Amino acid sequence: MSELITEQQALEERYLRQIFIRSQMTEFVKDPFVMSSSDGVYYTDINGKRYLDGIAGIFVASVGHNNRRVIDAIKDQLDKMSFSPVIHGTNALAVQLANLLAEIAPGDLSAVKFCSGGSEANETAFKIARQYHKLNGNPNKYKVISRYQSWHGCTMGSLSASGLTSRRVDSEPLAAGFIHVFPPYCYRCPFDKEYPSCNITCAGLIEDTIIMEDPDTVAAVIVEPIGHTGGLFDPPPEYLPKLREFCDRHNVLLIFDEIITGMGRTGEMFAAETFDVLPDVLCLGKGLSGGYMPLSAVLCRRHIADKFWGDGKINPGLVTGHTYEGNPIACAAGLATIAEIIEKDLCANARKVGSHLREGLEGLRKHGIIGDIRGKGLFFGIEFVRDLVTKEKFSDDIPIATLIGKRALAKGLLTRYDPHWMSLGPPLILTQDQADEMVSILDASITEVLQEINN
Ligand code: PMP
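Residues numbered from 1 in each chain as written. Predicted model: local features only at pLDDT ≥ 70, side-chain atom pairs only at ≥ 80, totals over all residues. Heavy atoms only, no water.

Once that is clear, we can look at the overall build of the chain. If you tally the helices and strands in the chain, you get 16 helices and 15 strands. A globule of 455 residues ought to have a C-alpha radius of gyration of about 23 Å, and the chain, at 22 Å, matches this closely. With the C-alpha coordinates aligned to their principal axes, the bounding extent of the chain is approximately 70 × 60 × 45 Å. Looking at the chain as a whole, 54% of its 455 residues qualify as buried. In the chain, once contacts between residues fewer than 6 apart in sequence are set aside, the share between residues at least 24 apart is 70%. Accessible area for the chain stands at about 20200 Å²; split by element, carbon and sulfur atoms hold 52% of it. Averaging the locations of the 45 positively and 57 negatively charged side chains of the chain gives two centres separated by 2 Å. (Helix = DSSP H or I, 4+ residues; strand = E, 2+ residues; numbered from the N terminus. Rg over C-alpha atoms; globule rule 2.2 N^0.38 Å. Buried < 20%, exposed > 50% of the residue type's maximum accessible area, 1.4 Å probe, protein only. Contact = heavy atoms within 4.5 Å. Areas by Shrake-Rupley, 256 points an atom, 1.4 Å probe, with all protein chains shown as cover. Lys, Arg positive; Asp, Glu negative; His and termini not counted. Charge placed at Lys NZ, Arg CZ, Asp CG, Glu CD.)

Put into structure tokens, the structure is as follows:
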């Protein structure tokens, strides 16, 4: 074995040729972004530059970086056992974490299947839905209805449910049985309607779709309570209750993909609580382990879980599982992260600092290019427009949010940006001063980008 390359060498193209990341590598190597350490709400790259983490890694670092309690829990568990023989059984930490999740989850969401990432969790939710209907005597219920512009993950099933065209086409053809409908995007209603006179057409069409597809063939509807990757869609209050009603009416399972919105992000532990709607299946990932270990979980309601119990000769139990499910180190991280969120009341902090941050973001409307600000808790999307009245977007050669996001990055703030919108989702430990720092970096970035465009 040759000597490992140094941290600084990780910036060199010849070494970066050996790795794929989610970027065009030809572009990436020109100005590689390589992190070295993190603490609290800050990252430091390998050149020593500090960044305020306005996006919690990617909605992951819920309790902040370098959290002592989580690190110690992982270290303690490492000394004890790092892997349990998964085909033979489980381990006490997985059972503890399942019980803790059952205790804090709303309603009777009380049985948990563990996985390692969000894509796996959603994939598992589809399998639970299909097998549940089979066990219930409805073997033809297999279709999954989801939304355009949604993101449920990279694996083939989760990608098939996802509705982001740009991320789908290169992997097509995708799995059969996934049907898409338009999301609740009130700022640019796909049906040219206005809330509330629209009577929530976007929700109503989901019931129409169930009926047109034949309810006897539909297993589940999956939504992110607040959609993110297509542009952050925060539904009107009636939307999710309506979906609940339609799913009940047609014996279709309602799955909430709370990979981002779970674990305090929207100001309650679960967005299901923020919107007061109980799904049948709820998927968690990202912030569940604070980013310290790969961990995700699929929670299902009691009556669904109970269907998987019975005589092994006719009921095989839930037929899916992964090598790393319920990994004891990951579960130790999950247990400590949840304890930290609860004991420090980080949901309350997300509400308090979130509303302060929102006020600051509202102040940025003075630049005349913010069309809409959406979101809840510490989870926001900002949509930029060239014309506030007509909502006309900037032209393709001015990807305004990308320009602002890159400028903010140069000034030491990490955000998530697309050409016309950006999102923010800092660690839930954010203070008001740090929220102000985010706003002032964005303020300066917008000013500079507008000056450049207008010159
Ligand atoms: N669901 C949502 C809402 C997500 O945002 C993501 C990832 N960004 C996923 C699922 C997939 O999770 P993972 O990347 O951990 O597989």
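What follows is about the nonpolar core. Proteins that are soluble and globular tend to have nonpolar side chains buried together. Counting 103 residues, the largest nonpolar core has Leu 101, Val 221, Leu 243, Leu 361 and Phe 384 as its most contacted members. Tallying contributions element by element places helix H13 (residues 328–343) first for this core, with 9 residues. The residues that make up this core include at least three from each of domain 1 (33–63 + 345–454) and domain 2 (69–343). When residues no more than four places from it in sequence are discounted, the contact partners of Val 221 are Ile 145, Ile 206, Ile 210, Leu 243, Cys 247, Val 252, Leu 253, Leu 254 and Ile 255. (Core = buried A, V, L, I, M, F, W, Y, C linked by side-chain atoms within 4.5 Å. Domains from an automatic or database assignment.)

This part covers the pattern of salt bridges. Following the criterion strictly, the structure yields 31 salt bridges and no others. A salt bridge links Glu 340 to Arg 69; the shortest N-O distance between them is 2.9 Å. Separated by 271 residues along the polypeptide, Glu 340 in helix H13 and Arg 69 in helix H4 (residues 68–80) bring together distant segments of the chain. Relative accessible area serves as the criterion here: at 30%, Arg 69 is assigned to the partly exposed category. (Salt bridge = Lys/Arg side-chain N within 4 Å of Asp/Glu carboxyl O.)

Here the focus is the sheet that holds strand E11 (residues 370–376). Judged by pairing direction, the sheet is antiparallel, and its 4 strands sit side by side in the order E11-E12-E15-E14 without closing on themselves. The open sheet has two edge strands with one neighbour each: E11 and strand E14 (416–417). Lying over the sheet, helix H14 (residues 346–363) contacts E11, strand E12 (379–384) and strand E15 (421–424), oriented at roughly 175° with respect to E11. (Pairing = 2+ DSSP bridges. Axes fitted to C-alpha atoms, helices over the stretch in contact; angles between N-to-C directions.)

On to the domain arrangement of the chain. Domain annotation for the chain reports domain 1 (33–63 + 345–454) and domain 2 (69–343). The gap between the C-alpha centroids of domain 1 and domain 2 is 27 Å. Of all residues in domain 1, the largest losses of buried area upon contact with domain 2 belong to Val 63, Lys 376 and Phe 379, amounting jointly to 24% of the total for that side. Seen at the junction of domain 1 and domain 2, the total is 3 salt bridges. With its nearest N and O atoms 2.7 Å apart, the salt bridge here joins Glu 383 to Arg 188. (Buried area = accessible area lost by both parts, 1.4 Å probe.)

The next thing to look at is helix H10 (residues 239–249). Among all positions of H10, only Tyr 239, Leu 240, Leu 243, Arg 244, Phe 246 and Cys 247 are buried. Its buried side turned inward, H10 meets strand E5 (143–147), helix H9 (201–213), strand E7 (218–223), strand E8 (253–257) and strand E10 (296–301).

This paragraph deals with the site of the ligand. Contacts to the ligand come from Gly 117, Gly 118, Ser 119, Asn 122, Trp 151, His 152, Gly 153, Glu 224, Asp 257, Ile 259, Ile 260 and Lys 286. Gly 118 places a polar main-chain atom, nitrogen or oxygen, 2.8 Å from an oxygen atom of the ligand. Look at the ligand: alone it shows 390 Å² of surface, and the protein chains cover 78% of it. With 3 residues, the top contributor of residues to the shell around the ligand is helix H6 (residues 118–135). Class assignment of the residues belonging to the shell around the ligand gives a composition of 3 nonpolar, 6 polar and 3 charged. (Near = heavy atom within 4 Å. Polar contact = N/O pair within 3.5 Å; in protein donor to acceptor, adjacent residues only side chain to side chain. Nonpolar A, V, L, I, M, F, W, Y, C, P; charged D, E, K, R; others polar.)

Our focus in this paragraph is the sheet that holds strand E13 (residues 413–414). Hydrogen bonds between backbone groups are what pair the strands of a sheet, and the pairing can be parallel or antiparallel. Read across the open sheet, the 4 strands follow the order E1-E2-E3-E13; overall the sheet is mixed. With one partner strand each, in any of the chains shown, strand E1 (35–39) and E13 form the two edges of the open sheet. As paired elements, strand E3 (residues 50–53) and E13 share 2 bridges and run parallel to each other. If you follow Leu 52 over to E13, its bridge partner there is Leu 413.

Quick look at the pairing of E8 now. Within E8, 5 of the 5 residues are buried, which leaves it mostly tucked inside the rest of the structure. Side chains Leu 253, Ile 255 and Asp 257 of E8 all project onto a buried face; the interleaved residues Leu 254 and Phe 256 project onto the opposite face, where all are buried too. Bridging between E7 and E8 involves 4 bridges; their strand directions are parallel. The partner of Ile 222 across the bridge, within E8, is Ile 255. With respect to chirality, the unit in which E7 leads through H10 into the neighbouring parallel E8 is right-handed. Both E8 and strand E9 (residues 281–284) contribute to a ladder of 3 bridges, which runs parallel. By the bridge assignment for E9, Asp 257 is matched with Cys 283. (Right-handed = clockwise from strand over helix to strand, strands pointing away.)

Interhelical geometry of H4 versus H13 gives an angle of 155° and a closest axis separation of 8 Å. With respect to H13, the element H4 is oriented roughly antiparallel. You can see that H4 and H13 cross each other, and the crossing is right-handed. On H13, the residues touching Arg 69, Val 70, Ala 73, Ile 74, Gln 77 and Leu 78 of H4 are Pro 328, Ile 329, Ala 332, Ala 333, Ala 336, Thr 337, Ala 339, Glu 340 and Glu 343. By residue class, the composition of the contact of H4 with H13 is 10 nonpolar, 2 polar and 3 charged. (Parallel < 35°, antiparallel > 145°, perpendicular 65-115°, else oblique. Left-handed = near helix turned anticlockwise from the far one by under 90°.)

What follows covers unusual backbone geometry. A cis amide bond, omega 5°, links Glu 172 with the succeeding residue Pro 173. Within the secondary structure, Pro 173 is located in the loop between helix H8 (165–168) and strand E6 (178–181). A cis amide bond links Tyr 195 with the next residue in sequence, Pro 196, at an omega value of 5°. Relative to the assigned elements, Pro 196 resides in the loop between E6 and H9. Even without being a glycine, Phe 59 presents a positive backbone phi close to 60°. Note that Phe 59 resides in helix H3 (residues 56–59). For Phe 59, a relative accessible area of 2% corresponds to the buried category. Despite not being glycine, Met 263 has its phi angle at roughly 60°, a positive value.

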